[in-house]
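Topology and contacts: notes
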Amino acid sequence: MNFPLDPRARRLLHALIAQHIREGTPVPSRMLAKQAGLEVSPATIRNIMANLEDVGLLAAPHTSAGRVPTAQAYRLFVDSLLEVAPLREPELDRLREQMAPGVGTQTLLAQASEMLSAMSQFVGVVTVPQRGQSAFKHIDFLALDDNRVLVILVFADNEVQNRIVQLQRPFSSEALEQTANYLNRHFAGQGFAQIRRQLVAEMQQAKSEMDTLLSAALDISQQLLAAEPRPEDMVLTGQTRLMGAQGLSDMDRLRSLFEAFSRKREILGLLESCADAQGVRVFIGEESGLAPLQACTVITAPYSSQGQVLGVLGVIGPTRMPYERVIPIVQATAELLGDALKLD
């Protein structure tokens, strides 16, 4: 939404939003001339504020003569008035210490969620990468009965998983060994979703003597994707930090929000919709499309490893939040989590 504001109105709105974020109270006109650095009369300040209210950028609570910013004002603030600086080195060092490589994916995700919550003082959330997208380091097969195969997977973060898959037709132990060697030699470092796409293309061009090997590899890859367990889809930390937050203190609103946290499904859908975004996205109020988040802001960023998006992380808090601080926290955490998940 575009608002044709002149420079004075923009400076005044910036000052009012900054003051409201700091203090949490309606801002009266008499405070704004000094805050905005404007050499104008109190009457002019009141006129500008009235104009901002007319276009839906300010609201007047019934119990106060001051004004508060609306969700539309926060959107304008984030899009065109906000100056975001990178995190300071001590804060980056704190993040790096908590997300050092080699501790395992689940630990890294939990630490990232906790750091997002601790540094923002709101809710930290991280979606869990699905193993169909995660790169494997080594694979072995052990034939069982009834066309079943035990698959032993070692992922890039050294996590080991054992899965039993049901194949469409029998393969000999020799064929399974050849298939494992083929996958290890040609596809180590890739995820099974990507492997499956390449195998389909290769089978269309393969010689007849390769059909059995490629057929086994494709069958196993498809079964691994279909049988992949989905334990926890996201890690959520710091919900209680929202209790008492301004704008969220209404018990019905807070109850609805906590129920959404408990269900996770809607929030997960919102986060996953940001997987293809370039950098940070900010959803203010109704922009999230989720009724429980109408009084909230959600700031997200995808995290990647070796050029592949693995998931999305972010912060959920009230619309009155220090955007200039939370945005770089989300951005830096996404970059450091991606770095920590890279192959050594």
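Residues numbered from 1 in each chain as written. Predicted model: local features only at pLDDT ≥ 70, side-chain atom pairs only at ≥ 80, totals over all residues. Heavy atoms only, no water.

Low pLDDT means the predicted coordinates in that region are not meant to be read closely. When the pLDDT values of the protein chain are averaged, the result is 84; 89% of them are 70 or greater. Here helix H9 (residues 211–226) stands out as the least confident element of the protein chain, with mean pLDDT 69; strand E8 (residues 281–284) is the most confident, with 97. (pLDDT = per-residue confidence, 0-100. Helix = DSSP H or I, 4+ residues; strand = E, 2+ residues; numbered from the N terminus.)

Attention now moves to the packing of helix H5 (residues 89–98) against helix H12 (residues 323–340). As a packed pair, H5 and H12 sit with axes 10 Å apart at the nearest point and diverge in direction by 40 degrees. Of the possible angle classes, the one that applies to H5 and H12 is oblique. The handedness of the crossing between H5 and H12 comes out as right-handed. The segment H5 lies against H12, with Glu-91, Leu-92, Leu-95 and Arg-96 engaging Arg-325, Ala-332, Thr-333 and Leu-336. Residues belonging to the contact of H5 with H12 are distributed by class as follows: 4 nonpolar, 1 polar and 3 charged. (Axes fitted to C-alpha atoms, helices over the stretch in contact; angles between N-to-C directions. Parallel < 35°, antiparallel > 145°, perpendicular 65-115°, else oblique. Left-handed = near helix turned anticlockwise from the far one by under 90°. Contact = heavy atoms within 4.5 Å. Nonpolar A, V, L, I, M, F, W, Y, C, P; charged D, E, K, R; others polar.)

Under the definition given, this model contains 4 aromatic pairs. Residues Phe-77 and Tyr-323 carry aromatic rings whose centres are separated by 6.4 Å and whose planes lie at 70 degrees to one another, so their mutual orientation is edge-to-face. Remark: Tyr-323 occurs in helix H12 and Phe-77 occurs in helix H4 (residues 71–81); sequence separation between them is 246 residues. A connected cluster of aromatic rings, assembled from ring pairs, spans Tyr-74, Phe-77 and Tyr-323. (Phe/Tyr/Trp six-rings, centres within 6.5 Å; stacked < 30°, edge-to-face > 60°.)

Further remarks concern the nonpolar core. Leu-12, Leu-13, Leu-52, Tyr-303, Ile-316, Tyr-323 and Leu-337 are the most contacted members of the largest nonpolar core, which totals 83 residues. Among the nonpolar cores identified, the runner-up in size contains 23 residues, and Val-151, Phe-171, Leu-176 and Ala-217 belong to it. (Core = buried A, V, L, I, M, F, W, Y, C linked by side-chain atoms within 4.5 Å. Buried < 20%, exposed > 50% of the residue type's maximum accessible area, 1.4 Å probe, protein only.)

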